[in-house]
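Residue-level structure breakdown
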Amino acid sequence: MKIIAIEEHVLPNDVKNAWNTTPGADDGTLALNRGVIEERLADIGEKRLALMDETGVDVQVLSLTTPGLSNLGDHGVDLARRTNDMLAEVVATHPSRFQALSVLPSADADAAARELQRGVEHLGCKGAILYGRVGEKSMDHPIFGPTFAVAAELGVPLLIHPQIPQSSVREAYYSGFGAPVDLALSTFGLGWHYEAGMQFVRIVLAGVFDRHPNLQVILGHWGELVIFYLERLVMLDRVSGLKHPFIHYVRNNLYLTPSGMYNEAYLRQAVDAVGVDRILFSTDYPYQYRPGNDARLFVEGPSLDDGEKLKFAHQNWEALTVGSASNSVPSSP
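Here is a short report on the structure shown in this document.

Reading the values: rules and limits
Residues numbered from 1 in each chain as written. Predicted model: local features only at pLDDT ≥ 70, side-chain atom pairs only at ≥ 80, totals over all residues. Heavy atoms only, no water. Buried < 20%, exposed > 50% of the residue type's maximum accessible area, 1.4 Å probe, protein only. Helix = DSSP H or I, 4+ residues; strand = E, 2+ residues; numbered from the N terminus. Patch = residues over 30% accessible without salt bridge, like charges linked within 9 Å, V, L, I, M, F, W, Y side chains within 5 Å. Areas by Shrake-Rupley, 256 points an atom, 1.4 Å probe, with all protein chains shown as cover. Salt bridge = Lys/Arg side-chain N within 4 Å of Asp/Glu carboxyl O. Pairing = 2+ DSSP bridges. Axes fitted to C-alpha atoms, helices over the stretch in contact; angles between N-to-C directions. Phe/Tyr/Trp six-rings, centres within 6.5 Å; stacked < 30°, edge-to-face > 60°.

Examining helix α6 (residues 145-154)
Those residues of α6 lying buried are Thr147, Phe148, Val150, Ala151, Ala152 and Leu154. Once α6 ends, the next one or two residues include Gly155, with phi positive near 70°.

Topic: a nonpolar patch on the surface
Residues Phe228, Tyr229 and Tyr266 make up a contiguous nonpolar surface patch of roughly 300 Å² in combined accessible area. Its location among the elements puts Tyr229 in the loop between α11 (221-224) and α12 (230-233).

As for the sheet that holds strand β3 (residues 98-100)
Pairing is parallel across the open sheet formed by 3 strands, whose spatial order is β1-β2-β3. Here the strands that pair on one side only, and so sit at the sheet edges, are β1 (4-10) and β3. When the angles between neighbouring strand axes are averaged without regard to direction, this sheet yields 35°. Inspection of the sheet shows β1 paired to strand β2 (residues 59-64) by 5 bridges, in the parallel sense. Opposite Val10, over in β2, you have Leu64 as the bridge partner.

Things to note about the packing of aromatic side chains
On inspection of all chains with the given rule, the structure shows 12 aromatic pairs. Here Phe200 and Phe209 contribute two aromatic rings whose centre-to-centre distance is 6.1 Å and whose plane-to-plane angle is 50°, an arrangement assigned as tilted. Accessibility expressed as a relative area gives 2% for Phe209, which makes it buried. Among the aromatic residues, those joined into a cluster by ring pairs are Trp222, Tyr262, Phe281, Phe298 and Phe312.

Printed below as a string of C-alpha cells:
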C-alpha cells in the first residue's frame, strides 16, 4: 500500500537566516527547531529517505515549516521564489519520493497569487501552505483574496498550518509559567491548534467559500479542534447569513489530516465529520517522527476497511490534486 504523507516540513538555510536577521521575523518559534529537529528539517536527502522507509512512508509532500514567510514583508517575495525553486529541484531529483506545496509571500497579496500560479503551473507544486495571519490580519482579510481566487481557479488545495498566536493573545492566555512552558503552551500544547482552527472558522463566516465554492482547504491535527465542536459551531447558522449551513462547508470544502496524531478515536471522529473521502495522511515530520514503522501501522490499523485504507493512504490525496497535475507543466526553475 503506497502511503503519501502530505504535511512534512523543511527549513532551508536561506529561510532560517532570514528569520534570524530580519527584525520581527522570528515569532518565538525558532526555539522549537533545535538539535535533531533542526538537523532533520535541513536534510532533504538520504537521511530523510531512510527515515521515511523506517516509518513506512513512500512519499513526502514537502512544505516550509511555520511561520513561513508571513513576517518578512517584501523580503518574502524573492525568498518564496527561491524556496519553491529549491523544492522543485528536490522533487525532480526524487520524483517518486517527494512532492511539494508552494510557500507564498502572503504579505504581498498579488505576489502571493502569482507565486501560487507559478508554483503549480511551472514547478509542479500540488498546492500551497498558508500560516494563518499576516501580522494582525487574519485569513478573512482581503489580503488573502487573490490567493483564494487562484487556488480555486487552478483546483489546488491550501493547507492552513498553525502559527503562534499574536503577542496580545499569548500574554492573555498562554503566559505566566516561565519561558519554556509559555512557548510550549502557546504552540504545540494548545495555542497553535486554536489559532489554525479559528482561521478556518473565520474564512467560513466571511463567505470565502460562498465566493469560491470549489476552494479546498486542509486542516492538520484532525481539524485543529474544529470537528470536535461542530455541535456548537453549527449554531452559528442562526446569525451567519451564509448561503449554506456551517456543516456544508465542513463537508464540501475541508479535508483533515492527522499530523502524526495516530489516534483511532480521532480518526473515527474525522470520518464521521467529513466522510472517508476527505481524510488525508500525514506524519508532521520531523516534529512527530517516531521509529517503529508507526505510520504504516496506523494506516493499516483496525478503524477502516481495505478500500477506506487505500483512500486514506494515497487515493484521496491523488484525487484532490489531480487538478494540479493537469494544470501544471513542470519546467526548469
